[in-house]
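One letter stands for each residue in the lines below.
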Amino acid sequence: QVQLVESGGGLVQAGGSLRLSCAASGRTFSRYYMGWFRQAPGKEREFVAAIRWTSGYRYYTDSVKGRFFISRDDAKITVYLEMNSLKPEDTAVYYCAASTVSGGNYYYAGDYDYWGQGTQVTVSS
């Protein structure tokens, strides 16, 4: 089994920064994409950012471009989400996810095979 464990969430004022981490453990698995999604109260889970593991190519949803940065550490099998200039609308539970099959869509939650438990990010105004 594969486990994804997120950390780094918390409470921050608008304009502040947070860095989320997601460490993978368990059996060896192929990593095609690793990504971050978020879900605010009363809303559907939405794509935030993803990284194609082998090439390092990055993808972002429009609302976080220029503010968030996704990166990976291959040796640690860890993906990070650096979040800057945070806004109250960024408040959500953030989930890490791993996709193991090539050809999937990086922005589609259904194409991810493993999920973390989520970490709360709260941005106060």
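It should be emphasised that the depicted structure is a prediction, and the values quoted were computed from it without experimental measurement.

Enquirer: Please explain the overall build of the chain as it appears in this structure.
Expert: The helix and strand tally for the chain stands at zero helices and eleven strands. Ordered by position in the sequence, the α and β elements of the chain form the string β-β-β-β-β-β-β-β-β-β-β. Taking 2.2 N^0.38 as the reference for a compact globule, 125 residues should give roughly 14 Å; the C-alpha atoms of the chain span a radius of gyration of 14 Å, in line with that estimate. Projecting the C-alpha coordinates of the chain onto the three principal axes gives extents of approximately 40 × 25 × 25 Å. Buried positions account for 45% of the 125 residues belonging to the chain. In the chain, once contacts between residues fewer than 6 apart in sequence are set aside, the share between residues at least 24 apart is 57%. Positive and negative side-chain charges in the chain, numbering 13 and 11 respectively, have mean positions lying 4 Å apart.

Enquirer: Help me understand the state of the cysteines, please; the structure alone is not making it clear to me.
Expert: As used here, a disulfide is simply a covalent bond connecting the sulfur atoms of two cysteines. Enumeration over the complete set of coordinates arrives at one disulfide. Covalently, cysteine 22 is tied to cysteine 96 through a disulfide, its sulfur atoms 2.0 Å apart. Between cysteine 22 and cysteine 96, the disulfide has an S-S torsion of -75 degrees and is therefore left-handed. Of this pair, cysteine 22 sits in strand β3 (residues 18–26) while cysteine 96 sits in strand β9 (residues 92–99), and the two are 74 residues apart along the sequence. Overall, the relative accessible area of 0% leaves cysteine 96 in the buried class.

Reading the values: the criteria
Residues numbered from 1 in each chain as written. Predicted model: local features only at pLDDT ≥ 70, side-chain atom pairs only at ≥ 80, totals over all residues. Heavy atoms only, no water. Helix = DSSP H or I, 4+ residues; strand = E, 2+ residues; numbered from the N terminus. Rg over C-alpha atoms; globule rule 2.2 N^0.38 Å. Buried < 20%, exposed > 50% of the residue type's maximum accessible area, 1.4 Å probe, protein only. Contact = heavy atoms within 4.5 Å. Lys, Arg positive; Asp, Glu negative; His and termini not counted. Charge placed at Lys NZ, Arg CZ, Asp CG, Glu CD. Disulfide = S-S within 2.5 Å.

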